[in-house]
Amino acid sequence: MTKRTLFAALAALAMVVATEAPAAAQAQFGAQVSYAEDFDLGIGARAQFGLAQLGVENLFGIASVDYFFPDCGAGDCNYIELNANGAISLPEVGLPIYAGGGLNVAHASFGDFSNTEVGLNILGGVQFPDALGALTPFAEARFELSGGEQFLITGGILF
């Protein structure tokens with residue numbers, strides 16, 4: 001997959017977010033930090049939006065992009081991931097937890113080598129909606145079954 005295709009996929013993902021979240025109150029945007037078992041530290045952006053119009057009240061979508069800073073020695077390397085997930089809030093057991101899954105697009109480059117893979121991931125997390133007033137901190141664990149094929153821990157704040 002070329003950079004043009006990767007950016008086109010990101011633009012399409014942004015349009016899905018815009019069309020699926022007609023009310024401003026349904027959409028939240030934020031920043032996140034991730035740690036991946038294979039590609040170390042990453043920073044990124046996240047959009048979360050309600051999908052109750054599909055008939056499931058607790059259903060929501062999560063779109064994210066992360067840029068990682070892998071330790072590649074002396075070489076020039078890059079790793080970026082795009083994720084489009086669906087999640088459902090689970091009955092509260094003291095914390096507002098959620099679980100879900102979706103698609104993962106992982107792009108790695110090292111020197112002249114470049115590779116993009118599409119895969120699936122499963123995730124689970126917790127949000128703290130009243131912890132910081134209008135800001136909603138979250139923590140999430142995601143396992144990529146294919147594509148990036150790694151385990152990630154992500155945390156951040158939604159606005």
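You'll find the structure just up there.
These remarks concern the structure in this document.

### Topic: unusual backbone geometry
So, point 1. One non-glycine residue with positive phi stands out, namely Asp40, at about 65 degrees.
So, point 2. As for its position among the elements, Asp40 is in strand β2 (residues 40–50).
So, point 3. With a relative accessible area of 24%, Asp40 lands in the partly exposed category.
So, point 4. The phi angle at Glu149 is positive, at roughly 50 degrees, despite the residue not being glycine.
So, point 5. With respect to the secondary-structure elements, Glu149 resides in the loop between β7 (136–144) and β8 (151–158).

### Digging into the state of the cysteines
So, point 1. Per the counting criterion, the structure on display carries one disulfide.
So, point 2. Note that Cys72 is cross-linked by a disulfide to Cys77, the S-S spacing being 1.7 Å. The sign of the 95 degrees torsion about the S-S bond sets the Cys72-Cys77 disulfide as right-handed.
So, point 3. Judged by its relative accessible area of 26%, Cys72 is partly exposed.

### Observations concerning the sheet that holds strand β1 (residues 27–36)
So, point 1. In space, the eight strands of this closed barrel follow the order β1-β2-β3-β4-β5-β6-β7-β8, with antiparallel pairing throughout. Pairs of neighbouring strands in the sheet enclose a mean axial angle of 25 degrees, with direction left out of account.
So, point 2. Relative to β8, β1 runs antiparallel, the two sharing seven bridges. Along β8, the bridge assignment pairs Ser34 with Thr154.

### Considerations on the side chain of Gln150
So, point 1. Along the chain, Gln150 turns up in the loop between β7 and β8.
So, point 2. On the accessibility criterion, Gln150 (0% relative accessible area) is buried.
So, point 3. For Gln150, the side chain forms a polar contact with the side chain of Glu81, separated by 3.1 Å.
So, point 4. If sequence neighbours within four positions are ignored, Gln150 has contacts with Ala36, Glu37, Asp38, Phe39, Tyr79, Glu81, Arg142, Phe143 and Glu144.

Parameters and conventions
- Residues numbered from 1 in each chain as written.
- Predicted model: local features only at pLDDT ≥ 70, side-chain atom pairs only at ≥ 80, totals over all residues.
- Heavy atoms only, no water.
- Helix = DSSP H or I, 4+ residues; strand = E, 2+ residues; numbered from the N terminus.
- Buried < 20%, exposed > 50% of the residue type's maximum accessible area, 1.4 Å probe, protein only.
- Disulfide = S-S within 2.5 Å.
- Pairing = 2+ DSSP bridges.
- Axes fitted to C-alpha atoms, helices over the stretch in contact; angles between N-to-C directions.
- Polar contact = N/O pair within 3.5 Å; in protein donor to acceptor, adjacent residues only side chain to side chain.
- Contact = heavy atoms within 4.5 Å.

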